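Report on the structure
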Protein chains: 2
Amino acid sequence: MAAAHSSRRFKLTIAYDGARFAGWQSQAGGNTVQDAIERALAVVGKTPITVHGSGRTDAGVHALGQIAHFDAPAESNLTTETWVRALNSNLPPSIRILRAAQAPASFHARFSARGKIYRYELWTGSVLPPHLFQRAWHVPQGIDDESVRRVLEMFVGEHDFRPFSANRGTPTTDSVRQISRIHCTRSGDSLKITFQGNGFLYKMVRMLTGAAVKVALGRENERTIRDLLAMPKSGRWTHVAPSDGLYLVRVLY
Amino acid sequence: MAAAHSSRRFKLTIAYDGARFAGWQSQAGGNTVQDAIERALAVVGKTPITVHGSGRTDAGVHALGQIAHFDAPAESNLTTETWVRALNSNLPPSIRILRAAQAPASFHARFSARGKIYRYELWTGSVLPPHLFQRAWHVPQGIDDESVRRVLEMFVGEHDFRPFSANRGTPTTDSVRQISRIHCTRSGDSLKITFQGNGFLYKMVRMLTGAAVKVALGRENERTIRDLLAMPKSGRWTHVAPSDGLYLVRVLY
């Protein structure tokens, strides 16, 4: 029975305001989301506990439904409700555990993930409303939605997205990803772009958004994007949309 | 001509994130919205300029459409567009001038106002999403919307709202106000209450909301509210909803 207890794995659904943190991933002296959650886990679980996220989010990037897992210590027999309540009382209000659920020992927040949904929010009015500060990308010139849509359509499907990812030290061995859906919704000065795919390379969503906006502003040729996508080893896209406008909406399993 | 110039009055439409300020009204050493706007006006107008708001908002209260006016110095011949752009470059991103318009010398942001629209936002889910922190009142118990609506309905019409206002030193001479409309919209765990009236006493919207919620939580009797409204000199309501959830939406002229 002790053995069964020692493998109690929990899946957490987490939301955070990215503006207040140096990203997800734990770092020395860093004010990161993972650090904050592990501090709370240590208090509630009365022992150091590692939390495994579905993936990193950069400084400034928001999460509405980040997923992570941890293994509760053998001695602990807290219910999921107690974990949620106790963790939230030990976390700043800018990080919230929305839900907790028990998960099989085979579940891994990162390796079991089958896809993700991200949303990118733009504000195209001349003045950014104060409540969207650090929560949307302000493009005050206004943009042509049809151009945005046309560029984004090119990205749907299976592609080698190498040109649209930032190098993170090690070269990516497999840079082929499948985007199943990109969806734009316009409401007044607000433009929201939703990306759903089986995975995204480092900074990929921000680079795809950057590409669409550059073309829509007439500062880049649609052709350049098409060529990079067709010949992924021919070059590299460089314009990364700011982190403020990006939301990790959901992780699919 | 100089005389005509010297009376150039401007009407500003202003939005701000109340969480970052000690309210609207200028105060010694205070980090207030009015102080910030007057600092920006002094830079752009090259002389001290007083701004007159439609009314105060307390620390924490948000504005989506606060109105204020100021008189441009005789020497200034900036256009409305230039005022907007220049003021915004001299303001923190948590205060934005949304629009400016010239107004007749007879226009006064406070005395010309014929009414106001406020919105109060509640979140009734067990966990407050991080993006609503300092932007909604968290009532985690959940509440009965029908009770909320029933209490709020009592407030519609012309009443002496003396029991539902905080004393601000001097007794209010005229505490009769007309509320033309109160409207609740529920979407999932979010409940928004919109108040429209010809004027509101100090803390009145927060006290009316506090009353509706207390009754809906079963912690106060509907009768108490009804009696206070019918016999305004008989007592005083004390439960003030937090400032975080309150938004000044619009000033009517």
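Residues numbered from 1 in each chain as written. Chains lettered and ligands numbered in written order. Predicted model: local features only at pLDDT ≥ 70, side-chain atom pairs only at ≥ 80, totals over all residues.

Our next topic: the overall build of chain A. Across its full length, chain A holds six helices and 10 strands. Computed over C-alpha atoms, the radius of gyration of chain A comes to 20 Å, within 12% of the 18 Å expected from 2.2 N^0.38 for 253 residues, which places it in the range of a compact globule. Oriented by its inertia axes, the alpha-carbon framework of chain A measures out at about 65 × 40 × 30 Å. Scored against the burial criterion, the 253 residues of chain A give a buried share of 39%. Put simply, of all contacts in chain A between residues at least 6 apart along the chain, 72% involve residues at least 24 apart. (Helix = DSSP H or I, 4+ residues; strand = E, 2+ residues; numbered from the N terminus. Rg over C-alpha atoms; globule rule 2.2 N^0.38 Å. Buried ≥ 20, exposed ≤ 12 C-beta atoms within 10 Å, placed from the backbone. Contact = placed C-beta atoms within 7 Å.)

Here we come to the domain arrangement of chain A. Residue and element names in this part refer to chain A. As far as domains go, chain A holds domain 1 (2-103) and domain 2 (115-252). On a C-alpha basis, the centres of domain 1 and domain 2 stand 28 Å from each other. Here the residues of the side of domain 1 that touches domain 2 are counted per class, giving six nonpolar, seven polar and one charged. (Domains from an automatic or database assignment. Nonpolar A, V, L, I, M, F, W, Y, C, P; charged D, E, K, R; others polar.)

Let us now look at the confidence of the model for chain A. Residue and element names in this part refer to chain A. Across chain A, the average pLDDT comes to 94, with 95% of residues at 70 or higher. Ignoring residues within four places in sequence, the model shows residues 1-6, a span with pLDDT below 50, making three contacts including any to other chains. Scored as a whole, the predicted complex attains pTM 0.93, and scored at its interfaces, ipTM 0.92. (pLDDT = per-residue confidence, 0-100.)

At the junction of the two partners, chain B supplies 15 residues and chain A supplies 15 residues. When contributions to the side of chain B that touches chain A are tallied by element, the ones reaching two or more residues are strand 1 (9-16) and strand 4 (95-103) of chain B. Top contributing element to the side of chain B that touches chain A by residue count: strand 4 of chain B, with three residues. Classifying every residue of the side of chain B that touches chain A by side-chain character gives 10 nonpolar, three polar and two charged.

On to the packing of helix 4 (residues 145-155) of chain A against helix 6 (residues 222-230) of chain A, then. Between two packed helices, what matters for the description is the angle formed by their axes and the separation of those axes. All names here are of chain A. The geometry of helix 4 relative to helix 6 is characterised by a closest axis approach of 10 Å and an angle of 5° between their N-to-C directions. One element, helix 4, and the other, helix 6, form an angle in the roughly parallel class. Here Arg150, Val151 and Met154 of helix 4 lie close against helix 6, whose contacting residues are Glu222, Ile225, Arg226 and Leu229. Along the lines of polarity and charge, the residues of the contact of helix 4 with helix 6 split into four nonpolar, no polar and three charged. (Axes fitted to C-alpha atoms, helices over the stretch in contact; angles between N-to-C directions. Parallel < 35°, antiparallel > 145°, perpendicular 65-115°, else oblique.)

Let us look at the relation of the copies chain B and chain A. Laying chain B over chain A is done by rotating through 180° and shifting 0.0 Å along the axis; what remains is an RMSD of 0.0 Å. Classification of the inter-copy transformation places it as that of a two-fold axis. Residue His131 of chain B, judged by its C-alpha, is the member of chain B lying nearest the rotation axis, at 5.0 Å. In this assembly the copies share their binding face: 100% of the residues contributing to the interface of chain B also contribute to that of chain A. (Least-squares fit on C-alpha atoms with pLDDT ≥ 70 in both.)

Side chains three or four residues apart in an α-helix point the same way, a direct result of the helix having 3.6 residues per turn. Residue and element names in this part refer to chain B. Along helix 6 (residues 222-230), the positions that sit buried rather than exposed are Ile225, Leu228 and Leu229. Buried positions in helix 6, seen along its axis, are confined to an arc of 100° and lie on one side of it. In helix 6, the exposed residues that point more than 90 degrees away from the buried face are Arg223, Arg226 and Ala230. Looking at the buried residues of helix 6, the elements they touch are helix 4 (145-155), strand 7 (157-160) and helix 5 (204-216). (Arc of directions from axis to C-beta.)

Residues and elements named next belong to chain A. Taking every second residue as pointing to the same face, the buried face of strand 9 (residues 190-197) carries Leu191, Ile193, Phe195 and Gly197, while none of Ser190, Lys192, Thr194 and Gln196 on the other face is buried. Pairing of strand 5 (residues 115-123) with strand 9, which is carried by eight bridges, proceeds in the antiparallel orientation. Bridge pairing in strand 9 places Tyr120 opposite Ile193. In this structure, strand 8 (residues 176-187) lies alongside strand 9, joined through eight bridges in antiparallel fashion. If you follow Cys184 over to strand 9, its bridge partner there is Ile193. Connecting the antiparallel pair strand 8 and strand 9 is a turn made up of two residues, with Gly188 showing a positive phi of about 60°. (Pairing = 2+ DSSP bridges.)

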